Amino acid sequence: NAGVTQTPKFRVLKTGQSMTLLCAQDMNHEYMYWYRQDPGMGLRLIHYSVGEGTTAKGEVPDGYNVSRLKKQNFLLGLESAAPSQTSVYFCASSEDRDGGYTFGSGTRLTVV
Amino acid sequence: RKEVEQDPGPFNVPEGATVAFNCTYSNSASQSFFWYRQDCRKEPKLLMSVYSSGNEDGRFTAQLNRASQYISLLIRDSKLSDSATYLCVAKGSNTGNQFYFGTGTSLTVIP
């Protein structure tokens, strides 16, 4: 049982480049989330999904887009990367809206 | 005001000691609370939920004080393996029904 798998684990982008982070979960969870974690800021919610085909904005959605075409996958896109998007990105899933989260191992993104 | 606030520490305690962390939250209507543990350069992992009546899991005890809007985590008989950052989580006061994470409290257990 893999839980939540994120790819890639590390990436370096140049300013203006685009990329997609993939999150896959095998627990049949309805809810999926994308967070970023920065020193002194804690985990901040970027976007989330309450089920296949749905997405919603979180606390810091600007500069990111998401899609949930399949229940098990939640994609996070950066259309035009900026140095301010240098961060560690975590995907998480939960069975219901009030349940605890299972996190993926994270993606360390550096934008130069 | 932040939705969830924690003392960042660090807390440095000897093995076998008892240590407690508090965390305050701003949404008085929040019904769901958790403690997570995060090791250095790893993902957060769910440690325990926090129930209204308080709950215990081995050496760990979580409590909720609604009147003062804080949750606490007590660790008894600290082990070296307890060294980590502990994150508290509560529902926020906005309409998105989102969970908010504290910035974490760092614990180092010293031999």
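For the structure, check the block above.
Residues numbered from 1 in each chain as written. Chains lettered and ligands numbered in written order. Predicted model: local features only at pLDDT ≥ 70, side-chain atom pairs only at ≥ 80, totals over all residues. Heavy atoms only, no water.

**What to know about the interface of chain B and chain A**
Each partner contributes residues to the interface: chain B has 20 residues there, and chain A has 21 residues. Here chain B meets chain A over a buried area of about 1,600 Å², counting both sides, of which 51% is carbon and sulfur. If you look at where chain B meets chain A, you find 1 salt bridge. The residue A:Asp98 makes a salt bridge to B:Lys91 at a minimum N-O spacing of 2.4 Å. At the boundary of chain B with chain A, the tally comes to 3 residue pairs in polar contact (both at pLDDT 80 or more). Put simply, the parts of the chain that give the side of chain B that touches chain A at least two residues each are β4 (33–38), β5 (44–49), β9 (84–91) and β10 (99–101) of chain B. In terms of residue class, the side of chain B that touches chain A is built from 8 nonpolar, 7 polar and 5 charged. (Contact = heavy atoms within 4.5 Å. Buried area = accessible area lost by both parts, 1.4 Å probe. Salt bridge = Lys/Arg side-chain N within 4 Å of Asp/Glu carboxyl O. Polar contact = N/O pair within 3.5 Å; in protein donor to acceptor, adjacent residues only side chain to side chain. Helix = DSSP H or I, 4+ residues; strand = E, 2+ residues; numbered from the N terminus. Nonpolar A, V, L, I, M, F, W, Y, C, P; charged D, E, K, R; others polar.)

**Re the environment of B:Val4**
Residues and elements named next belong to chain B. Tracing the sequence through the fold places Val4 in strand β1 (residues 4–6). As for Val4 and Leu87, which are separated by 83 residues in sequence, their C-alpha atoms are 9.8 Å apart. For Val4, the contacting residues outside a window of four places in its chain are Cys23, Thr24, Tyr25, Cys88, Ala90, Tyr100, Phe101 and Gly102.

**Some words on the side chain of B:Glu43**
Looking at where B:Glu43 falls in the secondary structure, it is placed in the loop between β4 and β5. At 4.3 Å, B:Lys45 is the nearest oppositely charged side chain to B:Glu43, a buried residue that forms no salt bridge. (Buried < 20%, exposed > 50% of the residue type's maximum accessible area, 1.4 Å probe, protein only. Lys, Arg positive; Asp, Glu negative; His and termini not counted.)

**Looking at the state of the cysteines**
Inspection of every chain in the model, using the stated rule, returns 2 disulfides over all chains. Two residues, A:Cys23 and A:Cys91, share a disulfide whose sulfurs are 1.9 Å apart. Since a negative S-S torsion denotes a left-handed disulfide, the A:Cys23-A:Cys91 link at about -75° is left-handed. You can see A:Cys23 sitting in strand β3 (residues 19–25) and its partner A:Cys91 sitting in strand β9 (residues 87–94), a full 68 residues away along the chain. By relative accessible area, A:Cys23 is classed as buried at 0%. Disulfide pairing is shown between B:Cys23 and B:Cys88; the S-S distance is 1.8 Å. The sign of the 60° torsion about the S-S bond sets the B:Cys23-B:Cys88 disulfide as right-handed. Placement of the pair is B:Cys23 in strand β3 (residues 19–25) and B:Cys88 in strand β9, with a sequence separation of 65 residues. Like B:Cys88, B:Cys23 is buried. Of all cysteine sulfurs, the one in B:Cys88 lies closest to B:Cys40, which takes part in no disulfide; the gap is 20 Å. (Disulfide = S-S within 2.5 Å.)

**Brief notes about the pattern of salt bridges**
One pass over the full model with this rule turns up 9 salt bridges over all chains. Across the pair A:Lys71 and A:Glu30 runs a salt bridge, and its minimum N-O distance is 2.9 Å. Of this pair, A:Lys71 sits in the loop between β7 (64–67) and β8 (73–78) while A:Glu30 sits in the loop between β3 and β4 (31–38), placing them 41 residues apart in sequence. Residue class for A:Glu30 comes out partly exposed when judged on its relative accessible area of 31%. Across the pair B:Arg59 and B:Asp82 runs a salt bridge whose closest N-O atoms are separated by 2.8 Å. Of this pair, B:Arg59 sits in the loop between β6 (55–57) and β7 (60–65) while B:Asp82 sits in the loop between β8 (70–75) and β9, placing them 23 residues apart in sequence. Of the residues examined, B:Arg59 reaches a relative accessible area of 23% and is grouped as partly exposed. Each of A:Arg36, A:Asp38 and A:Arg44 takes part in one network of salt bridges that share partners.

**Details of the environment of A:Glu52**
Residues and elements named next belong to chain A. Take Glu52: it is sitting in the loop between β5 (42–49) and β6 (56–57). Through-space distance from the C-alpha of Glu52 to that of Thr15 is 31 Å; in sequence the pair is 37 residues apart. In contact with Glu52, other than residues within four places in its own chain, are Arg68, Leu69, Lys70 and Lys71. One polar contact links the side chain of Glu52 to the main-chain amide nitrogen of Lys71, over a distance of 3.4 Å.

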